[in-house]
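A closer look at the structure
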Amino acid sequence: MSQAQSNTVVLSVSSSPHVRSSESTARIMWSVFVCLIPSGIVSWNVFGISAAAIMLTAVGTAALTEALFCRLQSRPLTVGDGSACLTGLLLAYNLPAQAPLWLAALGAAVAIIFGKAVFGGLGGNIFNPALVGRVFLMASFPSLMTRWPAPPMFGLDAVTAPTPLAILKDSVQQTQIITAAEIIPYTLWDLFLGRRGGCIGEASVAALLAGAAVLLWRGSISWHIPASFIGTVAVVSWCFGGQGLFTGNWPVHVLAGGLTLGAFFMATDYVTAPLTKKGKCIFGVGCGLITAIIRLWGGYPEGVSYAILLMNAAVPLIDRYVVPRRFGGGGR
Amino acid sequence: MGNKTFVGGWHVWSHKELTRDAAIVAAPLPPRVVIPLAQHAGIVCRPLVKAGDTVLTGQKIGDAEGLITAPVHASISGKVTVVGDALHPVLGSAPAVTIESDGADRQDPAITPAGDPRGLSRNELVSRIRAAGIVGLGGAAFPTHVKLSPQKPVDVLIINGVECEPYLTCDYRLLVERPDEILDGIGLLQRAVGVEKVYIGIEDDKPLAIRTFQKRVSALKLPFSVVPVEVKYPQGAEKQLIKALVDREVPPGKLPFDVGVVVSNAGTALAAAEAVFQGKPLYERTVTVTGTTVREPKNIRVRLGTSFAELIAWCGGTTAPAGKIVMGGPMMGLAQFSDAVPVVKGTSGILVLSTAELVLPPEQPCIRCARCVDACPMQLLPYAMSLCAQMKQAERARVYNPSDCIECGVCTYVCPSKRRILEHIRLLKVGAK
């Protein structure tokens, strides 16, 4: 008669905790994806249907490549976690709006294969996959990657127009003193809203910031990397970007090019960024310095992708030395 | 917002609304109790009765020599039927005394009010608390009389009224229903420890408890500070509460008295008051019986040794089959393999999760999102320990100090990749010994 209790059900026994938050990897990835969409819609408006076709091609190819490699590597199918689609979309945002579709497909496949799958899939990669794809395309097809369409709304027939940063770079390298405002055909307001040449995702700072604001509010990203990254670019370009000290046209440097996209959506990629807040700030400052150095003194007008990739390589080092202070003090 | 707190932690969904407003009710006398002889951290008690003996409510039925132990008492009157191993909610199986009720609940005549406790010396207070078998009622069940005799000078007593575990509301109900007795108990503990400074920490999601205590403390002109602390898990963890209230950090491997602090749970203070003023041993406690499928979730005053099944049935049973029964809260509680286990001194709650609420999602790769790093209240690197454990590199994990982990479980809770981080760290801890 002892223990004659009502227990006929089989109870589940597991280690605590017994509840979980509702956040999941897929939710995070898809929320970033969704937050990038406003910018895509602006690009579609600015650059026309070709931009939309590139985005679809890149996302589709990335998803297919991911599925293929999951099969080849006998891993569970991970297309649903959204990370491959996100990589595809980010790659598309890094292409000129009139790039051929095969270029987008090739870049997306390279991004997934050499950016992610060879490292064992999500979480194993060192470098931002989308940027691996972009840098591969830059090195292999430089002319296709730098043919910038002029936004049709300028009413120009020209197929190409220099990007604001390219104009700025040329102006600084010329010896005559001209203010940037005289030679850049765009106003800062144009840059902010998206009336300019450049990559698909670089079109509108406003649309990118709207998406980024949602991610910050949701807690998906923290302010540390974007703030330190953009802040560093602003300070360095102000100090050294002009003919003399402190004459640089920093607002153009901040608003032009891929800085907003890179700082909020690419440098903040969890897998390839440092873990601690302090580490994130160091990472952001490093990204900003390298970006500014490439823009001001390097061979390319734009340096955001290389800056992020170089700092990606430094992440293990940062994570090793920047660790939180253990509760109760004492060394680590 | 802006209230005191610690670094790290997470806002965990509380589910306290199920029982927040349920006043404490006394459970009917159980027909039979199984009273384990190990209900505390430390030495297991020797039985003082044998099968066939008649016992009275409150009669001591087990005790042990040594410092870290606490006696156990009969929770009903009746006849001892078995003295031997029985199911135990923490240990699996442990020696216990089974008592069949005579239905009369006859009190041990030795239970008598102490007269004026103000005349008692510190040593007398401590020995009465030991004799009553008082242990920490927050869950760890550390003998209170040991805490009250710290081996180092202390200057602060902290009363833990935080109750940061989701679902649990038994301490909250005690705080709002019996503030004066708790304050009496706090006064006794203060005298026993011999400190001037007393802080009562209550989470700011319990405004009624905070207001009640602030009013009573000022009305009674007591030298205690009632401090609201930010609602954040694990605010009620000892080290984190000390940090929040007096900004001292207990070093790794040390105890609160190493930084001059004694921490006691609010429910424990009440038990101490009952022990000293009424001479009442710890044979009953308040338990939250809860869960979204429990028909009538309740806060119940329960005789120790009552089975979980009986209490769940008394709460109307469940609307769906139970998938998991947890002793304590969902973050640190222990999943039970049977609902026949008895309520012990450390049972703060009985949480029933339905089969639909069972969460055993497949583990995905770490995406280095750093949520665990941000949330860890000990500022450890949970993701790194988890990865080491999975690669079976316990040696390499040592640099991450797994022994510092307080096993609050917040890392596993927040992980978007559903990694069982704490489980991995526990494996490291076991392997490291």
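The structure this text deals with has already been given above.
Here's a quick rundown of the structure.

Thresholds applied
- Residues take numbers from 1 onward in each chain, read along the sequence in its written order.
- Following the order in which they are written, the chains are lettered starting with A and the ligands numbered starting with 1.
- Local features in this predicted model are restricted to residues whose pLDDT is 70 or higher, and side-chain atom pairs enter the listing and the counts only when it is 80 or higher, whereas totals over whole chains, interfaces and linings include all residues.
- Hydrogen atoms and water are omitted, and side-chain values are computed over all heavy atoms in the structure.
- Strand pairing requires that DSSP identify at least two bridges connecting the strands.
- What counts as a helix is a DSSP run of H or I of at least four residues, what counts as a strand is a run of E of at least two, and both are numbered from the N terminus.
- For this document, the term salt bridge refers to a Lys or Arg side-chain nitrogen within 4 Å of an Asp or Glu carboxyl oxygen.
- Categorising residues by exposure relies on relative accessible area from a 1.4 Å probe, with only protein chains included: less than 20% of the type maximum marks a residue as buried, more than 50% marks it as exposed, and the intermediate range marks it as partly exposed.
- In this analysis a 1.4 Å probe is tested at points of a 1 Å grid over the protein atoms alone, and where it fits but cannot get out there is a cavity; an open set with protein on both sides within 12 Å along at least five of seven lines is a pocket; lining residues have an atom within 4 Å of a point.
- Grid points are joined across faces, edges and corners, and a volume is the space filled by probe spheres set on the points.
- Ten residue types, Ala, Val, Leu, Ile, Met, Phe, Trp, Tyr, Cys and Pro, are classed as nonpolar, four, Asp, Glu, Lys and Arg, as charged, and the remainder, Gly among them, as polar.
- Note that domain bounds follow an automatic or database assignment of domains.

**A word on the sheet that holds strand E2 (residues 32–36) of chain B**
Residue and element names in this part refer to chain B. Here we have 4 strands laid out as an open sheet, ordered E2-E8-E7-E4, and antiparallel in their pairing. Edge positions in the sheet fall to E2 and strand E4 (54–55), since each has one partner strand and no second. In this structure, E2 lies alongside strand E8 (residues 92–101), joined through 5 bridges in antiparallel fashion. Across the sheet, Val 33 pairs through a bridge with Ile 99, a residue of E8.

**Side note on the pattern of salt bridges**
Residue and element names in this part refer to chain B. Counted by the stated rule, this structure contains 35 salt bridges over all chains. Across the pair Glu 423 and Arg 420 runs a salt bridge, and its minimum N-O distance is 3.6 Å. Of the residues examined, Glu 423 reaches a relative accessible area of 30% and is grouped as partly exposed. The class for Arg 420 is partly exposed, based on a relative accessible area of 25%. Linked by salt bridges that have partners in common, Asp 105, Arg 178, Glu 181, Glu 274, Lys 280, Glu 284, Arg 301 and Arg 303 make up one network.

**Section: empty space enclosed by the protein**
As enumerated under the stated definition, the model contains 8 cavities of 30 Å³ or more in all. Taken together, 22 residues line the largest cavity, and the ones lying closest to its centre are Met29(A), Leu86(A), Phe265(A), Asp269(A) and Tyr270(A). Of all elements in the fold, only helix H1 (25–47), helix H3 (83–93), helix H5 (129–140) and helix H13 (259–266) of chain A reach the threshold of two or more residues within the lining of the largest cavity. A per-element tally of the lining of the largest cavity places H3(A) first, with 4 residues. Here the lining of the largest cavity is composed, by residue class, of 14 nonpolar, 6 polar and 2 charged. Each of two domains, domain 1 (25–145) and domain 2 (162–320) of chain A, supplies a minimum of three residues to the lining of the largest cavity. Taken as a whole, the second largest cavity holds about 190 Å³ of empty space. Along its surface, the second largest cavity is lined by 18 residues, and Leu137(B), Leu270(B), Glu274(B), Glu284(B) and Arg285(B) are the ones closest to its centre. Of all the secondary-structure elements, those providing two or more residues to the lining of the second largest cavity are helix H3 (170–177), helix H7 (266–278) and strand E13 (284–290) of chain B. Considering each element in turn, the lining of the second largest cavity owes the most residues, 4 residues, to H7(B). Here the lining of the second largest cavity is composed, by residue class, of 8 nonpolar, 3 polar and 7 charged.

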